[in-house]
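Examining the three-dimensional arrangement
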Amino acid sequence: MFEEASEVFDNMFKSSFPLTFIVFIPAVLILVSPLPAEAAHEFTVYRMQQYDLQGQPYGTRNAILNTEARTVEAEVLSRRCVIMRLADFSYDQYQKALRQSAGAVVIILPKNMSAMPQDIVQQFMELEPEMLAMETIVPVYFAEEDDELLSIYTQTLTSSSSQSSLSAAEVLLHTATANGFQMVTSGAQSKAISDWAITSLEGRLTGVGGEDLPTIVVVAHYDTFGVAPWLSYGADSNGSGVSMLLELARLFSKLYTYKRTHAAYNLLFFVSGGGKFNYQGTKRWLEDNLDHTDSSLLQDNVAFVLCLDTLGNGDSLYLHVSKPPKEGTPQYSLLKELETVVASQHPEVKFSMVHKKINLADDMLAWEHERFGIRRLPAFTLSHLPSHRSAQRSSIMDVRSVSPSSRHGAGEPPAGPHVDVSKLSRNAKVVAEALARVIYNLTEKGASGDLQIFTEQMQVQEEHLSAVVDWLTAQPRAAQLVDKDSSVVSTLEYHLSRYLKDVKRHYVKADKRDPEFVFYDQLKQTMNAYRVKPAIFDLLLALCIAAYLGMMYLAIQNFGLLYSVVRRITQPKAKVH
């Protein structure tokens, strides 16, 4: 009976392959069900700078990412998304990823950067210019740390680290069975932004007593710069300079309201855009006023130009000049008045002049006053930094922080650049007093150095300075993000209009034939981390399925032979008597 059944099955399977397919394939599909890709996490990422300046490309040139995650500890990084934490970041590791042709780099930033150790903050600030100095083909992104992203990093780190201590077979098995993460961005490839306008603002207080009055120009650039535009908040550089300019406009507008204190000086206030891109807004403003008009305060009698840059901290003040002022000039008067006010009213402050000639061979000017110096206008920059090469002028670490006592303990300042409102207020008072002494010629009139003009109702308002800094640092102000319709521009225009007359905007657009600057989009995207099996798992799975189907096919085609072999093996042996 069994032999007859085997012949029936054998003939049925051999003569009807579709029937074989129907019987066995559903079983295979049930046993080997596909592993769906699960969206593990969705988070926002911020792309590294991408721009062209004077025809030279800077930053990353790519934005699309769709590759498997690894950490730098993995042996093979080619075509992988390398995830790093800022706390463990080093330039050597970054270069290793690029040398091995990584598909992308994602750097995870801590939730509270001002709480990072000082050495890590300083190291990263110094590395930011180096990261931007070279053209990077692969996309480089920054992400803010959260629990899920940290879990993804930890799992990827464990998987990457374990492979270095295993044998080749163990690595293959581990690779085939481990879970991985596929990192995918939702945006498109980056492209140049056309017709982008950089906006600057000016306003004035007109002097009294004649037509050919000297003009004092006060300047501060409002835009910020860092390795990633969407993370560039620029608290000290240059939120402090802009807030001080607005406070000076408020104080002197009060003095110019009354006939007794209405001085014989024109005061021109200029809030420039594109400062971090070689002061493009200032350059165009000078061209418009000196080359394209017949009547301008900049053409008549400019006493000096005072640029305010990075004044929110420190107990030092440096007056950066391209040409030392000569005795008897208004520039020399301001220098001496600053020395007098500091020595008499704020002896804790160290004040000095720093002389540096303009180097036209450099791609970037050192300070904003050099733009005026090129056009032969007497100018200088006041800052608490001794050198233009200070890393904190162009860093995403330059963020607004709370008072030291609330986060770090008494006497322990927060790490990295930040704004100390009390020192910003003191520096604003120094500048206001020195300007007033020049405008009203107080020294020649015999006024003592400790005479204070801005007191009581006229004093510098620390609360006002703090509010402006808080507002400025509430949003990134990179030049690529602040267009003519931005709330930053409109709010600055509103504040200037409260204190000054003839407030107006100035725009600069890049030349279409030979652009001095080019900005690119796709600077902020959504990234998805999908939990997936590695590609080698699919290969091994396909091989197993193929082997299974091959064995089943051979078994079906030779069912009679297989049955007879099994029958002989399992048939009990006859007893021998």
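These figures come from a predicted structure and were not determined experimentally. (Residues numbered from 1 in each chain as written. Predicted model: local features only at pLDDT ≥ 70, side-chain atom pairs only at ≥ 80, totals over all residues. Heavy atoms only, no water.)

Attention now goes to the environment of E211. Inspection of the secondary structure puts E211 in the loop between strand 10 (197–205) and strand 11 (215–221). Residue classification places E211 among the exposed residues on the basis of a relative accessible area of 83%. Once the C-alpha coordinates of E211 and A264 are considered, the two residues, 53 residues apart in sequence, prove to be 9.8 Å apart. (Helix = DSSP H or I, 4+ residues; strand = E, 2+ residues; numbered from the N terminus. Buried < 20%, exposed > 50% of the residue type's maximum accessible area, 1.4 Å probe, protein only.)

Take unusual backbone geometry next. Of the consecutive residues S237 and N238, the connecting peptide bond is found in the cis state with omega at 10°. As for its position among the elements, N238 is in helix 7 (residues 235–255). Phi is positive for Q54, close to 55°, though the residue is something other than glycine. On the secondary structure map, Q54 appears in the loop between strand 2 (50–53) and strand 3 (56–60). Residue class for Q54 comes out partly exposed when judged on its relative accessible area of 45%. For T310, which is not glycine, the phi torsion reads 60° and is therefore positive. By the element assignment, T310 lies in the loop between strand 13 (302–308) and strand 14 (316–321). With relative accessibility at 0%, the residue T310 sits in the buried group.

By definition, the strands of a sheet pair up through backbone hydrogen bonds, in either a parallel or an antiparallel sense. Read from one edge of the open sheet, 4 strands run 7-3-2-18, paired in mixed fashion. Of all the strands in the sheet, just strand 7 (135–136) and strand 18 (517–519) have a single pairing partner and so form its edges. Direction of pairing for strand 3 relative to strand 7: parallel, over a ladder of 2 bridges. Across the sheet, the residue bridging to T60 is T136, located in strand 7. (Pairing = 2+ DSSP bridges.)

All right, on to the UniProt feature "transmembrane region" (unreviewed entry) in the chain then. Mapped onto the present numbering, the UniProt feature "transmembrane region" (unreviewed entry) falls at residues 539–566. Taken end to end, residues 539–566 has its terminal C-alpha atoms 33 Å apart, with 96% of it in helix and 0% in strand. (UniProt positions renumbered as here; feature names shortened; annotations may be inferred.)

Our next topic: the confidence of the model for the chain. Interpreting fine coordinate detail is not advised for predicted regions of low pLDDT. When pLDDT is averaged along the chain, the result is 87; 85% of the residues meet or exceed 70. Every residue in residues 28–37 scores below 50 in pLDDT, and together they form 10 contacts with partners more than four places removed in sequence or on other chains. Scored below 50 in pLDDT, residues 403–412 makes 14 contacts in the model with residues more than four places away or belonging to other chains. (pLDDT = per-residue confidence, 0-100. Contact = heavy atoms within 4.5 Å.)

This part covers the pattern of salt bridges. Considering all chains together, one arrives at 21 salt bridges under this definition. In this structure, E339 and K336 form a salt bridge, with 3.3 Å as the shortest nitrogen-oxygen distance. Of the two residues, E339 and K336 both sit in helix 10 (residues 330–345), 3 residues apart, roughly one turn of that helix. With a closest N to O distance of 3.9 Å, E348 and R426 form a salt bridge. Here E348, found in the loop between helix 10 and strand 15 (350–355), pairs with R426, found in helix 13 (residues 421–439); they are 78 residues apart in sequence, far enough to count as distant. Given the relative accessible area of 44%, E348 is considered partly exposed. (Salt bridge = Lys/Arg side-chain N within 4 Å of Asp/Glu carboxyl O.)

At a closest axis distance of 9 Å, the pairing of helix 10 and helix 13 adopts a crossing angle of 130°. As judged from the angle between their axes, helix 10 and helix 13 are oblique. For the element pair helix 10 and helix 13, the recorded crossing hand is right-handed. Taking contact as the criterion, the partners of S333, L334, E337, L338, T340, V341, V342 and Q345 in helix 10 are, on helix 13, K429, V430, E433, A434, L435, R437 and V438. (Axes fitted to C-alpha atoms, helices over the stretch in contact; angles between N-to-C directions. Parallel < 35°, antiparallel > 145°, perpendicular 65-115°, else oblique. Left-handed = near helix turned anticlockwise from the far one by under 90°.)

The mixed open sheet is built from 8 strands, whose spatial order is 15-14-16-13-11-12-10-17. With one partner strand each, in any of the chains shown, strand 15 and strand 17 (501–509) form the two edges of the open sheet. Strand after strand, the sheet turns through a mean of 20° between neighbouring axes, direction not considered. Across the sheet, helix 7 is in contact with strand 10, strand 11, strand 12 (266–272) and strand 13; its angle to strand 11 comes to roughly 145°. Along the sheet, helix 8 (residues 280–290) contacts strand 10, strand 11, strand 12 and strand 17; its crossing angle with strand 17, the most-contacted strand, is approximately 115°.

This paragraph deals with helix 3 (residues 91–99). For helix 3, the set of buried residues is Y91, Y94, Q95 and A97. Mapping the buried residues of helix 3 onto a view down its axis gives an arc of 155°, with all of them on the same face. Exposed and facing more than 90 degrees away from the buried side of helix 3 are D92 and R99. Looking at the buried side of helix 3, the elements it contacts are strand 5 (81–85), strand 6 (104–109), helix 4 (118–133), strand 7 and strand 8 (140–144). Of the residues trailing helix 3, S101 is marked for its positive phi of about 60°. (Arc of directions from axis to C-beta.)

Turning to the pairing of strand 14, a few remarks are in order. The element strand 14 is extensively covered by neighbouring structure, given that 6 of its 6 residues are classed as buried. Neither face of strand 14 is exposed, since S316, Y318 and H320 on one face and L317, L319 and V321 on the opposite face are all buried. Sheet topology note: the strand 14/strand 15 ladder contains 6 bridges and is parallel. Across the sheet, the residue bridging to H320 is V354, located in strand 15. Bridge count for strand 14 against strand 16 (residues 379–383) is 4 bridges, and the pairing is antiparallel. Bridging from a neighbouring strand, L319 pairs with L382 of strand 16.

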